[in-house]
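Residue-level structural notes
One-letter residues, chain by chain:
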Amino acid sequence: MTISHPNFGALDPDRIIIFDTTLRDGEQSPGFSMNLTEKLRMAEALAELGVDVLEAGFPIASPGDFESVDAIARTIKGPVICGLARTGGREDITRAGEAIRPAERRRIHNFISTSPLHMKYKLRMEPETVLEAIVAGNTLARNYTDDVEWSAEDGSRTDPDFLCRCVEAAIKAGATTINIPDTVGYALPEDIARIFTMLRERVPGADQVIFSAHNHNDLGLAVANTIAAIRAGVRQVECTINGIGERAGNAALEEIVMAIRTRHDALAWHAGIETPKILRTSKLLSTITGFDVQPNKAIVGRNAFAHESGIHQDGVLKNAATYEIMTPESVGWTKSSLVMGKHSGRAAFRDKLRALGYGEIGDNQLNDAFRRFKDLADRKKVVYDDDLIALVDDEVMRGHDRIRFVSLDVHTGSKAKPRAELELEIDGVVQSAIATGDGPVDATFNAIRDLFAHDSVLRLYSVGAVTEGTDAQARVTVRLEENGKMVDGQGADTDTIVASARAYVHALNKLLVKRTRTAPEALSA
Ligand code: KIV
Ligand code: ZN
């Protein structure tokens, strides 16, 4: 039977709705928080990728969360913009409703735990009270939008009869999508299939709603469970770019989408994702969060299409299909391409950025990025697309930062005590400091602390290379902790110490944003 959905109309039964929660479930995991500029940039990339529903955040969690959901609802066109709320909280649902109001198409996603364990120890609520909350919450949510999703948190560990009663109550109260999360990543594919088959068979009204799967990856089964759910009749899948999310993460968008596409012989469904934009989106997320995916990560890992053994290389040269089940190009990998040289002009630079998937970049950011590109082209023999992406992402992300890197001179060697002369722009004023340290990085970080006093502790310092060769740009990640809040900053430059300073300054800016946000631990889903 065809379902008529408030935002999608008559739904093609073979179409899988991609619900992206990178900016909510992904963002709420430690170290992955993003500021407003970063969330907007990421939301833009997700819209370009073609996600159907974009879960933009948890508006009740803090004023900052509200602001970012509201900003995404105002500016991002294409996907349905969704805000999360707890079913039991009137204020949650009101805030979510207000935050998504500016969106062309909007959804409220409300959730409450239904498993015996969660109801007893987390909620301290009786099952009947949970049922009442489900009715009240979904009824209230419908005042803000016709597109209401309800989730049974810890649904996979819920008593089947009670789960049926909850789903029935949610549908009667107006929910149009029913999501059954495997919140703790405990289920096996057959459990997931059994739950959805049961709900579709037993619950009155089940044929009028869309069922949705939301799987966590604690046992490494999130994608397999999602595929099992699709086979059992689910038409919406919840996922994140690179599989980021609470603990071991959520099901990875790129893996689900490419599984459906590559194994269309066995999985006769389709999604609306522009797969050549997958890699670009994955890299943007890594740049923003400071976490690269592991080299062997499916689809987007550095080695996902690399063939090391002679036998494999020989096969691929004769016919790529011998060892490649999908083409690298189909997910956005291209042969490393040379970018323009140091004589290239601004127009060519802007064209190149468009080709790399950057929509319109503001004039100021373009000028700053162009200046850095010229500087890089002077210092580096060959400028690759990846160099440019690292540089531009670095620049675009820093738009609203209070502290900006200006310049750094470091004197170091085996005899002299390392000394750093640093200039930072703080709230629009350029200030300088000279500091020494146990090494050039230490001296630089001391200079930053002299210019901007703060109490945070350095928890991680790591260096990687953006491309190959000794003139490659270094990409540095710095993790700072302050009062239990953790942030990661990133910086790229051919000079490792400059990249380190940029990364530290980036982390500091994130910390300043975090200071204005209340910790959502108590609310976390
Ligand atoms: O994992 C979970 O249960 C969630 C819900 C809020 C959907 O993230
Ligand atoms: Zn989740």
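Because the structure is predicted, anything quoted here is derived from the model rather than measured.

The next thing to look at is the domain arrangement of the chain. Looking at the chain, the domain boundaries give domain 1 (14-289), domain 2 (346-396) and domain 3 (403-515). In this assembly, 8 residues from domain 1 lie in contact with 9 residues from domain 3. Roughly 660 Å² is buried in total at the junction of domain 1 and domain 3, and carbon and sulfur atoms are behind 43% of that figure. On the domain 1 side of the interface with domain 3, the three residues burying the most area are G31, S33 and T287, jointly 52% of the side's total. In this assembly, domain 1 and domain 3 are joined by 0 salt bridges. Applying the counting rule to domain 1 against domain 3 returns 3 residue pairs in polar contact (both at pLDDT 80 or more). If you tally residues by element for the side of domain 1 that touches domain 3, the top one is helix 11 (residues 278-289), at 4 residues. Across the side of domain 1 that touches domain 3, the residue classes tally to 1 nonpolar, 6 polar and 1 charged.

Here the focus is the environment of R261. Within the secondary structure, R261 is located in helix 10 (residues 253-262). Among the residues examined, R261 registers a relative accessible area of 47% and is labelled partly exposed. Placed 65 residues apart in sequence, R261 and M326 show a C-alpha to C-alpha distance of 9.1 Å. In this view, R261 contacts T275 and S330; residues no more than four positions away in its chain are not counted.

The next point concerns the side chain of T444. Secondary-structure assignment places T444 in helix 16 (residues 440-451). Those residues in contact with T444, other than ones at most four positions away along the chain, are L408, V410, A420, L422, I497 and A501.

Within the structure, ligand 1 sits among 12 residues, and R24, D25, T183, H214 and H216 are positioned closest to it. Within the side chain of T183, one N or O atom sits 2.6 Å away from an oxygen atom of ligand 1. Contact between ligand 1 and H214: an oxygen atom at 3.1 Å from a side-chain N or O atom of the residue. Bound to the protein, ligand 1 loses 99% of the 260 Å² it would expose on its own. When residues of the shell around ligand 1 are traced back to their parent elements, those giving at least two are helix 1 (22-26), strand 6 (106-113), strand 7 (148-153) and strand 8 (177-182). Residue classes in the shell around ligand 1 are distributed as 3 nonpolar, 6 polar and 3 charged.

Here we take up the sheet that holds strand 5 (residues 80-86). Here 8 strands make up a closed barrel; going around it, the order is 3-4-5-6-7-8-9-10 and the pairing parallel. When strand polarity is set aside, the average angle formed by the axes of neighbouring strands in this sheet is 25 degrees. For strand 3 (residues 17-20) and strand 10 (residues 236-239), the ladder comprises 4 bridges, and the chain directions are parallel. By the bridge assignment for strand 10, I17 is matched with Q236. Contacting strand 6 and strand 7, helix 5 (residues 116-123) crosses the sheet at an angle of about 85 degrees to strand 6. Sheet strands in contact with helix 9 (residues 222-231) are strand 8, strand 9 (210-215) and strand 10, and its direction is about 165 degrees off that of strand 9.

Let's shift gears to the sheet that holds strand 12 (residues 419-426). A sheet is described by the order of its strands in space; here 3 strands give the open sequence 11-12-13, paired in antiparallel fashion. Edge positions in the sheet fall to strand 11 (403-411) and strand 13 (429-436), since each has one partner strand and no second. With strand direction ignored, the average angle separating the axes of adjacent strands in the sheet is 15 degrees. Here strand 11 runs beside strand 12; their pairing, made up of 8 bridges, is antiparallel. Within the sheet, the bridge partner assigned to R404 lies in strand 12 and is E425. Along the sheet, helix 16 contacts strand 11, strand 12 and strand 13; its crossing angle with strand 13, the most-contacted strand, is approximately 135 degrees.

Definitions and cut-offs
- Residues numbered from 1 in each chain as written.
- Chains lettered and ligands numbered in written order.
- Predicted model: local features only at pLDDT ≥ 70, side-chain atom pairs only at ≥ 80, totals over all residues.
- Heavy atoms only, no water.
- Domains from an automatic or database assignment.
- Contact = heavy atoms within 4.5 Å.
- Buried area = accessible area lost by both parts, 1.4 Å probe.
- Salt bridge = Lys/Arg side-chain N within 4 Å of Asp/Glu carboxyl O.
- Polar contact = N/O pair within 3.5 Å; in protein donor to acceptor, adjacent residues only side chain to side chain.
- Helix = DSSP H or I, 4+ residues; strand = E, 2+ residues; numbered from the N terminus.
- Nonpolar A, V, L, I, M, F, W, Y, C, P; charged D, E, K, R; others polar.
- Buried < 20%, exposed > 50% of the residue type's maximum accessible area, 1.4 Å probe, protein only.
- Near = heavy atom within 4 Å.
- Areas by Shrake-Rupley, 256 points an atom, 1.4 Å probe, with all protein chains shown as cover.
- Pairing = 2+ DSSP bridges.
- Axes fitted to C-alpha atoms, helices over the stretch in contact; angles between N-to-C directions.

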